[in-house]
Amino acid sequence: MLKLAALLSFIWALSLLYGEMFSFWVPFFSCSWPRLPSSTTDGVDHQRDYVKIAVLTDPQLMDRTSLRLAPKSLALEAAQFYTDLYMRRAFLSSILPSKPDIILFLGDYFDGGPFLSDEEWQESWSRFKHIFDLEMLEQTTNIKLYYLAGNHDIGYAAFHSHMPEVIKRYEKAFGARNYQFTAGKVDFIAIDAQTLDDSQQDILSPGHPQNNETPATWNFVKNVSKHPSLNPRVLLTHISLYRPDLTACGPYRSSSIINQRINRAAFDNEILYQNYITENGTNDLLDSIKPALILSGHDHDQCTVIHKSKYGSVKEHTLGTISWQQGNLFPSYMLLSASNLVLPDGSMPEEAISTKVCFLPVQTYIYIWYLFLFVMTLLIAVLWPTNGMLFPHYLDGFLRNIRSLISSSFSGGEKKLKNEDEIYEYEEIWDAEGSMHLIKKTFKVSSTHSGKSASVERGNAVMRSVTKKPNAQETDASNPADVTLHIGSDGVIKALPRTNKSKTKMVIRRLVRTLSILSIVAAFNIPLYMMLLFKDWIDK
């Protein structure tokens with residue numbers, strides 16, 4: 001029993017170490033920074049020749065709006081904890097060890113941002129800072145952080161005109177919604193995509209609440225277009241740009257393709273929700289900013305498309321969510337290398353930007369493995385033979401019985417007639433645990449045999465006990481006297497229960513052994529699991 005418990009404990013320990021720790025190291029070792037051709041001219045990767053940018057999107061911290069659960073309920077708290085823990089582990093074990101120079105968030109930080117009270121919003125903001133260890137980054141590192149507004153953070157036009165405080169509290173925590181910055185020799189243009197498609201005609205119509213967010217965003221876009229730059233530009237937008245319905249998204253996508261959908265309020269025609277920026281808004285952005293690359297989120301799954309503009313083709317990467325609870329089995333993040341070089345002639349390298357998508361552990365599969373392992377542990381503890389025999393022995397016996405059954409099914413009548421001339425003698429053997437085993441012996445009987453010794457008809461079995469007389473200590477447990485054998489017409493001998501008392505003892509013995517094995521496995525692995533659970537959660 002101890003050997004079996006030790007084996008199961010070892011299997012559980014390996015599973016927990018991988019699922020709770022090692023699996024989050026895999027992305028760091030398997031997904032390195034993409035190399036730019038200009039930085040590897042001599043075959044050596046010169047990391048100072050490019051700026052390293054980690055891109056994350058759509059953590060959407062779960063709150064009372066996420067599930068149909070009571071606020072502060074145990075179920076909701078557990079869902080929040082395990083979702084937050086996954087993202088914290090991914091950030092601390094997979095992303096930060098890559099030593100990025102910049103971390104870029106593409107929006108949707110809170111699931112119910114516009115609907116949360118100020119107190120609930122502050123609680124979600126505190127969780128966000130803890131998950132991504134923002135205070136540690138600001139105090140101990142030179143990593144720069146940039147944020148993009150998402151629809152789950154500030155909502156669409158319907159919220160902006162009626163609830164302007166939603167935008168104010170966002171800007172107080174995350175900063176401006178329309179801005180630009182330069183990393184290396186690449187310009188990044190961040191826009192508030194939620195305000196792009198609230199048309200100016202609607203804003204100026206009678207009875208429509210005054211909304212200055214849309215003109216402010218387009219004025220920012222126009223100012224960017226008035227100041228052309230020699231650096232390539234990357235457009236950052238939470239909402240993806242328009243594409244025709246059923247446009248292919250590339251090999252990394254795991255879910256179905258989402259088509260354009262825009263919901264507007266019946267009263268004032270303001271936008272309540274949209275999947276993509278409108279076609280007109282997309283064309284205006286491409287013509288004004290002239291991006292070399294577009295990064296977006298919002299969709300929660302990977303999608304790579306090519307846009308056509310009058311200045312040429314532009315690639316857009318829609319990045320999947322970093323959370324395992326937002327409808328995507330394969331959470332991910334992106335590593336982006338931005339060139340920091342200028343060629344001797346003053347021009348930029350042809351490929352100044354390079355990206356790579358990195359996938360995080362599939363948490364759902366890990367939990368399914370835990371469940372499968374628990375069921376197997378329970379079955380093994382209950383069904384494993386009590387006399388210490390190894391499983392292969394029983395498997396071999398089972399296979400031999402199957403082969404014998406198949407052989408007898410296809411055997412001819414001659415063999416059957418031959419077998420009818422045999423008498424079976426069974427030796428009754430008792431093991432140390434009180435289990436009876438019958439060993440069959442076969443011998444021929446002449447067909448002319450008569451007399452008392454021939455009183456046993458063909459096809460019957462003779463049983464005689466050849467067990468040794470047990471000592472007084474073993475009498476009750478090893479050799480009960482009330483054993484009944486039933487011999488069927490097919491020659492199969494079945495041993496009926498010796499006594500109800502013996503059967504009860506056997507059940508109790510197995511139950512005690514099962515509980516003992518489970519207790520040993522739990523005593524070793526529960527502390528290990530708790531240590532792994534809180535190792536990354538507690539601030540260091």
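Residues numbered from 1 in each chain as written. Predicted model: local features only at pLDDT ≥ 70, side-chain atom pairs only at ≥ 80, totals over all residues. Heavy atoms only, no water.

Some remarks on the pairing of strand β6 (residues 233–236)
Both faces of β6 are covered, namely the face carrying Arg-233 and Leu-235 and the face carrying Val-234 and Leu-236. Examined bridge by bridge, strand β5 (residues 186–190) and β6 share four bridges and lie parallel to one another. Each residue of the ladder has a partner; that of Ile-189, found in β6, is Leu-235. (Buried < 20%, exposed > 50% of the residue type's maximum accessible area, 1.4 Å probe, protein only. Helix = DSSP H or I, 4+ residues; strand = E, 2+ residues; numbered from the N terminus. Pairing = 2+ DSSP bridges.)

Thoughts on the environment of Asn-328
As for its position among the elements, Asn-328 is in the loop between β11 (312–318) and β12 (332–339). Between the C-alpha atom of Asn-328 and that of Arg-253, which follows or precedes it by 75 residues, the distance is 9.5 Å. At a separation of 3.4 Å, a polar atom in the side chain of Asn-328 contacts the side chain of Ser-254. (Polar contact = N/O pair within 3.5 Å; in protein donor to acceptor, adjacent residues only side chain to side chain.)

Brief notes about the nonpolar core
Counting residues in each nonpolar core, the largest one holds 67 residues, and the members touching the most others are Ile-53, Ile-103, Phe-128 and Leu-236. If we skip the residues at most four places from it in the chain, Ile-53 touches Trp-33, Ile-102, Leu-104, Ala-183, Phe-188, Met-334, Leu-335, Leu-336 and Ala-338. (Core = buried A, V, L, I, M, F, W, Y, C linked by side-chain atoms within 4.5 Å. Contact = heavy atoms within 4.5 Å.)

Remarks on a nonpolar patch on the surface
Taken together, the side chains of Trp-369, Leu-371, Phe-372, Phe-374, Val-375, Met-376, Leu-378, Leu-379, Val-382 and Leu-383 present a nonpolar region at the surface, about 920 Å² in accessible area. Structurally, Val-375 can be placed in helix α11 (residues 363–383). (Patch = residues over 30% accessible without salt bridge, like charges linked within 9 Å, V, L, I, M, F, W, Y side chains within 5 Å. Areas by Shrake-Rupley, 256 points an atom, 1.4 Å probe, with all protein chains shown as cover. Salt bridge = Lys/Arg side-chain N within 4 Å of Asp/Glu carboxyl O.)

A short note on the state of the cysteines
One pass over the structure, following the stated rule, counts two disulfides. Put simply, Cys-31 and Cys-358 are joined by a disulfide, and their sulfur atoms are 1.8 Å apart. Linking Cys-31 and Cys-358, the disulfide has an S-S dihedral of approximately -65° and is accordingly described as left-handed. Residue Cys-31 is found in the loop between α1 (2–30) and β1 (50–56), and its partner Cys-358 is found in strand β13 (residues 353–359); the two are separated by 327 residues along the sequence. One disulfide bridge connects Cys-249 with Cys-303, the sulfur atoms lying 2.1 Å from each other. When the S-S torsion is -70°, as for the bridge of Cys-249 with Cys-303, the disulfide is left-handed. Residue Cys-249 is located in the loop between β6 and β7 (262–264), and its partner Cys-303 is located in strand β10 (residues 303–309); the two are separated by 54 residues in the primary sequence. Of the residues examined, Cys-303 reaches a relative accessible area of 1% and is grouped as buried. Assigning the bonded cysteines of the chain consecutive numbers by sequence position, one obtains the connectivity 1-4, 2-3. (Disulfide = S-S within 2.5 Å.)

Notes on helix α7 (residues 165–174)
Within the span of α7, buried status applies to Val-166, Ile-167, Arg-169, Tyr-170 and Phe-174. Relative to the axis of α7, the buried residues are bounded by an arc of 165° and lie together on one face. What points out from α7, more than 90 degrees from its buried face, is the exposed set Lys-168 and Lys-172. Where α7 is buried, its residues contact α3 (118–131), β3 (144–147), α5 (151–154), α6 (157–162) and α9 (213–226). (Arc of directions from axis to C-beta.)

A short note on the pattern of salt bridges
Between side chains of opposite charge, a pair can form when the charged atoms approach closely. In this structure the tally under the stated criterion is twelve salt bridges. Note that Glu-120 is salt-bridged to Arg-64, the shortest N-O span being 2.7 Å. Separated by 56 residues along the polypeptide, Glu-120 in helix α3 and Arg-64 in the loop between β1 and α2 (74–95) bring together distant segments of the chain. Using a relative accessible area of 33% as the deciding quantity, one classes Arg-64 as partly exposed. As a salt-bridge pair, Asp-84 and Arg-127 come within 2.9 Å of each other at their nearest N and O atoms. Remark: Arg-127 occurs in helix α3 and Asp-84 occurs in helix α2; sequence separation between them is 43 residues.

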